[in-house]
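# Commentary on secondary and tertiary structure
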Amino acid sequence: MKSRFSTKTMKDLAAQAGRSPIFIHLSDDDVTFVNGGDHRLIQVLRETGAAMVYSDFLTPADGGDPLPHRLIDCQFGAIRDDFDFGRVVAVDPAMMRRAVEDMTDDFEAAGWYDLRLRLSRLGRIVHVPETLYMASPKASVCADEGEEQFRYVDPRNRSSQIEMEKAATAHLKALGALVTPAGITRPDLDEGSFPTEASVIIPVRNRHRTIADAVRSALAQQTSFPFNVIVIDNRSTDGTSEILAEIAASDPRLKIISTAPAPAPAPGIGGCWNLGINSPDCGRFAVQLDSDDIYSRPDTLEMIVGKFRETGAAMVIGSYMLTDFKGNPLPPGLIDHAEWTDDNGPNNALRINGLGAPRAFFTPVAREIGFPDVSYGEDYSMGLAVSRRYPIGRIYEPLYSCRRWEGNSDHALSPERINANNTYKDRMRTLELISRQKLNHES
């Protein structure tokens, strides 16, 4: 049985099309157009000359008015394979036939993804911010939040991910934005003078329940080199500052940076990172630890620094276990990003929604690039920029426990917050894609 998203399905739809727009259904939901919604999609498609048009939609609510499901605009760099186009899209038939003509791969899972990337090279992808149809699910079963968020790194989906990566790579090549090994430069890891070999960087704001665990897991590291821990206290008011002061009084390796008080604007997590890596106390390698997480083994720093030296990388990324607050594993468990390859990892990084953790940086390179001063996606933006020019080393053993609890900044996000986060990351992908096009054009 052919998949809804297979290459064959896309080719069959194109072959059956006449001159009228093609409606492609992207789920099993029952779709009912409201107030002439189908005509509105066709109107926008024809009047704009777009390749594809999609819209917001409604979902039924128990005992009340239908709920609007708001979507976001598809930017030039929005090539992640989980972009939400809703439940149905309208496609220009001539452009669809042109797109499928060049499809030589017989994808089972990535046919639709391949098609929409090809359509974006032929014309605009237009979002109509109007609720033009009702989508009624045929079943009430939905994926667990944790499983859905990390679907792209679940080994059960590996064959699909290989297809998606192949389609994304071909798209980047067609756009002149492909990173190749020939364009990668290894940094001189011995340049400069630093007070320590490594620094653990921990931005924090109001984490009195977790900050001691995080700091102590860092200070407990067993290494063959000197290291310190730099905490950037971003205006904590809940007792976090006092906890840090108490630990620092007994261990001089803990360095505390307090951000500027009001009325100066409070920095985001990225701004805190910039304070940490530009501190005179920062070591040669800056290693990430979130304020509510812990290193899961005493040799985490030793392994990370060893990987820098072994590979000559400018960034090293480890693997982590997703756990509850008490350390019990949560699905899907180990997040290792095993899809990474040295040759194609920098390209595939634009398709997926994260690069993994813990992240560590050769400090001169991190200082050169700098983090965007935001509190979401700052690490992803830095990772994309590093991967464009420098090698990245990977460690596939678990080094870190990422603890999920009600105080997490990404716990139970509203649809509006999810849309804002996705819009920002897509913007970072757009800027990165343009930068890669420029770099390739100049070389």
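Residues numbered from 1 in each chain as written. Predicted model: local features only at pLDDT ≥ 70, side-chain atom pairs only at ≥ 80, totals over all residues. Heavy atoms only, no water.

For the chain, the name recorded in an unreviewed UniProt entry is Glycosyltransferase family 2 protein, with Duncaniella muris as its organism.

### Concerning the overall build of the chain
Counting secondary structure elements, the chain contains 14 helices and 15 strands. For a compact globule of 443 residues, the expected C-alpha radius of gyration is about 22 Å, and the chain comes in at 24 Å, within 12% of that figure. Structurally, the chain occupies a C-alpha span of about 75 × 55 × 45 Å along its principal axes. Within the chain, the fraction of its 443 residues that count as buried is 52%. Once local pairs closer than 6 in sequence are excluded, the contacts in the chain between residues at least 24 apart make up 81%. Accessible surface, the chain as shown: approximately 19900 Å² in total, 51% of it carbon and sulfur. The positive charge centre, built from 49 side chains, and the negative charge centre, built from 61, are 4 Å apart in the chain. (Helix = DSSP H or I, 4+ residues; strand = E, 2+ residues; numbered from the N terminus. Rg over C-alpha atoms; globule rule 2.2 N^0.38 Å. Buried < 20%, exposed > 50% of the residue type's maximum accessible area, 1.4 Å probe, protein only. Contact = heavy atoms within 4.5 Å. Areas by Shrake-Rupley, 256 points an atom, 1.4 Å probe, with all protein chains shown as cover. Lys, Arg positive; Asp, Glu negative; His and termini not counted. Charge placed at Lys NZ, Arg CZ, Asp CG, Glu CD.)

### Describing the pattern of salt bridges
The full count for this structure, using the stated rule, is 25 salt bridges. Arg309 is paired through a salt bridge with Glu197; the nearest N and O atoms lie 3.0 Å apart. Note that Arg309 is positioned in helix 10 (residues 300-311) and Glu197 in the loop between helix 6 (158-175) and strand 7 (198-204), a separation of 112 residues in sequence. Its salt-bridge partner being Arg436, residue Glu432 comes within 2.8 Å of it at the nearest N-O pair. Of the two residues, Glu432 and Arg436 are both situated in helix 14 (residues 415-442); the distance of four residues between them amounts to about one turn of the helix. Where salt bridges share partners, they join Arg80, Asp82, Asp426 and Arg429 into one cluster. (Salt bridge = Lys/Arg side-chain N within 4 Å of Asp/Glu carboxyl O.)

### Side note on the UniProt feature "domain: Glycosyltransferase 2-like" (unreviewed entry) in the chain
Annotation from UniProt places "domain: Glycosyltransferase 2-like" (unreviewed entry) at residues 199-332. In this annotation, residues 199-332 is assigned 31% helix and 28% strand; the end-to-end C-alpha distance for the span is 30 Å. (UniProt positions renumbered as here; feature names shortened; annotations may be inferred.)

### Points about the packing of helix 3 (residues 93-101) against helix 4 (residues 111-122)
In helix packing, the relevant descriptors are the interaxial angle and the interaxial distance, both defined with respect to the helix axes. Put simply, helix 3 and helix 4 touch, their axes get as near as 9 Å, and they point 120° apart. Helix 4 is crossed by helix 3, and the crossing has right-handed handedness. Of helix 4, the residues touching helix 3 (which contributes Met95, Met96, Arg98, Ala99 and Val100) are Leu115, Arg118, Leu119 and Leu122. (Axes fitted to C-alpha atoms, helices over the stretch in contact; angles between N-to-C directions. Left-handed = near helix turned anticlockwise from the far one by under 90°.)

### Section: the packing of aromatic side chains
For any pair of aromatic rings, geometry is given as the distance between the ring centres together with the angle between the planes. Inspection of the entire model under this criterion finds 14 aromatic pairs. Ring geometry for Trp273 against Phe371: centres 5.1 Å apart, planes inclined by 35°, an arrangement best described as tilted. Of this pair, Trp273 sits in helix 9 (residues 269-277) while Phe371 sits in the loop between helix 12 (363-369) and helix 13 (378-389), placing them 98 residues apart in sequence. The class for Phe371 is buried, based on a relative accessible area of 6%. An aromatic cluster of at least three residues, connected via ring pairs, comprises Phe23, Phe33, Phe57 and Tyr133. The ring centre of Phe325 lies 4.9 Å from the NZ or CZ of Arg209, which sits over that ring. Positioned over the ring face of Phe325 is Arg403, at 4.6 Å from the centre of the ring. (Phe/Tyr/Trp six-rings, centres within 6.5 Å; stacked < 30°, edge-to-face > 60°. Lys NZ or Arg CZ within 6 Å of the ring centre and 35° of its normal.)

### Overview of the environment of Val88
Its location among the elements puts Val88 in strand 5 (residues 88-91). As for Val88 and Asp56, which are separated by 32 residues in sequence, their C-alpha atoms are 9.9 Å apart. The residues touching Val88, leaving out its near neighbours within four places in the chain, are Phe23, Ile24, His25, Val31, Phe33, Tyr54 and Tyr133.

### Some thoughts on the nonpolar core
Formed by 76 residues in total, the largest nonpolar core has its most connected members in Val215 and Val229. Mapping this core onto the domain boundaries places at least three of its residues in each of domain 1 (7-137) and domain 2 (182-417 + 435-442). Residues in contact with Val215, not counting those within four places in the same chain, are Ile202, Val231, Leu244, Ile247 and Leu254. Ranked by size, the runner-up nonpolar core spans 40 residues in total, among them Ile24, Val53, Met96 and Ala135. (Core = buried A, V, L, I, M, F, W, Y, C linked by side-chain atoms within 4.5 Å. Domains from an automatic or database assignment.)

### Regarding the domain arrangement of the chain
Taken as a whole, the chain is organised into domain 1 (7-137) and domain 2 (182-417 + 435-442). Here domain 1 and domain 2 have C-alpha centroids that lie 38 Å from each other. At the junction of the two partners, domain 1 supplies five residues and domain 2 supplies four residues. Taken over both partners, the interface formed by domain 1 and domain 2 buries close to 410 Å², and the fraction arising from carbon and sulfur atoms is 50%. Broken down residue by residue, the surface that domain 1 buries against domain 2 is led by Ile79, Arg80 and Asp81, which jointly contribute 64%. At the boundary of domain 1 and domain 2, one finds one salt bridge. Taking the shortest distance from any N to any O, the salt bridge between Arg351 and Asp81 comes out at 2.2 Å. (Buried area = accessible area lost by both parts, 1.4 Å probe.)

### Side note on the environment of Ser381
Of note, Ser381 is situated in helix 13. It is 8.2 Å that separates the C-alpha atoms of Ser381 and Glu432, two residues lying 51 residues apart in sequence. The residues contacting Ser381, other than those within four sequence positions of it, are Pro372 and Met428.

### Some points on helix 3
All of the buried residues in helix 3 are Pro93, Met95, Met96, Ala99 and Val100. Projected onto a plane normal to the axis of helix 3, the buried residues spread over an arc of 160° and lie on a single side. For helix 3, the elements touching its buried residues are helix 1 (7-16), strand 1 (22-25), strand 5 and helix 4. (Arc of directions from axis to C-beta.)

### Regarding the pairing of strand 12 (residues 315-324)
Here strand 12 lies mainly inside the structure; eight of its 10 residues are buried. Bridge analysis of strand 12 against strand 14 (residues 359-362) gives three bridges, and the strand direction is antiparallel. Among the inter-strand pairings, Val316 is bridged to a residue of strand 14, identified as Ala360. As judged from the three bridges shared by strand 12 and strand 13 (residues 329-335), these two strands associate in the antiparallel manner. What sits directly across from Tyr320, in strand 13, is Ile335. (Pairing = 2+ DSSP bridges.)

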